[in-house]
Amino acid sequence: MTKMKLLAGCAVLALGGVSVAHATQPTTSGPLGAGMTMYMQMGGNPGDGATLARQTGAADAAHAFGIKVIEQFSAWNPETMLDQFRQAMAARPTCIGVTGHPGDAAFDPLIAQAEKEGTLVTVGNTPLPVAEKTYGAKGTGYAGVDLYIGGEITAQAMLAAGLKSGDEALEYGVFNETERSQSDRGLRDTLVKAGVKVTELNISPQVDSDSSLAVPILVAFIESHPHLKAIGTQHGGVTGFIPQALRQVGKQPGQIIVGGIDLAPSTIAGLQGKYITATLDQQLYLQGFLPVAQCVLSAKYHFAGLNINTGAGVETPATIDALIPLIKRGIR
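Note that the structure is predicted; figures quoted are calculated from it, not measured.

Here we look at the nonpolar core
Piece 1. Counting residues in each nonpolar core, the largest one holds 28 residues, and the members touching the most others are Tyr172, Ile231 and Leu246.
Piece 2. Those elements giving two or more residues to this core turn out to be strand E6 (168-173), helix H9 (214-224), strand E8 (228-232), helix H10 (236-248), helix H11 (265-272) and helix H13 (324-328).
Piece 3. By residue number, the principal contributor to this core is H9, which donates six residues.
Piece 4. Beyond its immediate chain neighbours, meaning those up to four positions away, Tyr172 contacts Asp184, Leu201, Asn202, Ile203, Val207, Ala214, Ile217, Leu218, Gly232, Thr233, Gln234 and Val238.
Piece 5. Of all hydrophobic cores here, the second largest spans 22 residues; its members include Leu82, Val123, Leu128 and Ala131.

So, in structure tokens, the structure goes:
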């Protein structure tokens, strides 16, 4: 009797039009990126604070999609990035992921050649607006911060911490690169609009590659400006060395407001010790993961380029401890 009731119940459900749930089948039998190769510029040096999370994100995406990702490191040197692009083109990969530090004018003929040869190009960390506009339909996207707004956000955090009109501040940044400089300009402009007296100091190529060289420069500047109230930068490596310079001149935590960028180990220590007031969080993991996903999806299914802002906030001494477990894993 029980079996007959069960069969009758099933019949009623069928007649009532109730369907049984099922899982949609994937579009491929194996990994979506199987057989693909991507050369990807990471920007800095292997494992450094402004590069490691990008490496981790790219490695996780490569594992998830089954694509081979070949990392390239340049110590942030634009000429090296251009040479690496040429090397990547010679290998005829599926895609090339670049950081846009050399600018559109320098990259344009190289990207045009790569696209002509059937290699997709996408961008991370520093944008290439012309390339994105020209090749967006073919898969050229951007994963990174809106640089000028990122600088604004950092400056706003410094102002919220007590920096005010009439105060003296140093903006130590990269001002000689077309797109990359937008971040430091956003920080500088926002402070100037608030009435802060800003001294602009350009980061040299030597300091750009080896941030420890910033320490004596900062020490000399601080000692020659006794009324200095704040230091701002949008260089991830330099941010982590500002506390060392402050300690060398005998400054206590909080005496000088510091706004920086990224989450290098020394920057984390600076936040915990309250030498660093706020640092822009670019969520660098996404700048590694998303370009790889862009490559696979555009190569496989001809999806257009996606423009994704990976950072819209800062980390402070009050928020940093919650991120430590993820930072230790190279994710944040």
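Observations concerning the environment of Gly43
Piece 1. Structurally, Gly43 is set in strand E1 (residues 37-43).
Piece 2. Sequence separation between Gly43 and Gly100 is 57 residues, and the spatial gap between their C-alpha atoms is 9.4 Å.
Piece 3. In contact with Gly43, not counting residues within four places along its chain, are Gln72, Ser74, Ala75, Trp76, Met81 and Thr99.

Regarding the confidence of the model for the protein
Piece 1. The predicted model of the protein averages 93 in pLDDT, with 94% of residues at 70 or higher.
Piece 2. Confidence over residues 1-15 falls short of pLDDT 50; this stretch has one contact with residues more than four positions distant or in other chains.

What to know about H9
Piece 1. Turning to H9, its buried residues number three or more, namely Ala214, Val215, Leu218, Val219, Phe221 and Ile222. Viewed along the axis of H9, the buried residues span an arc of 165°, placing them on a single side of the element. Opposite the packed face of H9, turned more than 90 degrees from it, sit the exposed residues Pro216 and Glu223.
Piece 2. The secondary structure elements touched by the buried residues of H9 are E6, strand E7 (197-202), helix H8 (205-209), E8 and H10.

Parameters and conventions
Residues numbered from 1 in each chain as written. Predicted model: local features only at pLDDT ≥ 70, side-chain atom pairs only at ≥ 80, totals over all residues. Heavy atoms only, no water. Core = buried A, V, L, I, M, F, W, Y, C linked by side-chain atoms within 4.5 Å. Buried < 20%, exposed > 50% of the residue type's maximum accessible area, 1.4 Å probe, protein only. Helix = DSSP H or I, 4+ residues; strand = E, 2+ residues; numbered from the N terminus. Contact = heavy atoms within 4.5 Å. pLDDT = per-residue confidence, 0-100. Arc of directions from axis to C-beta.

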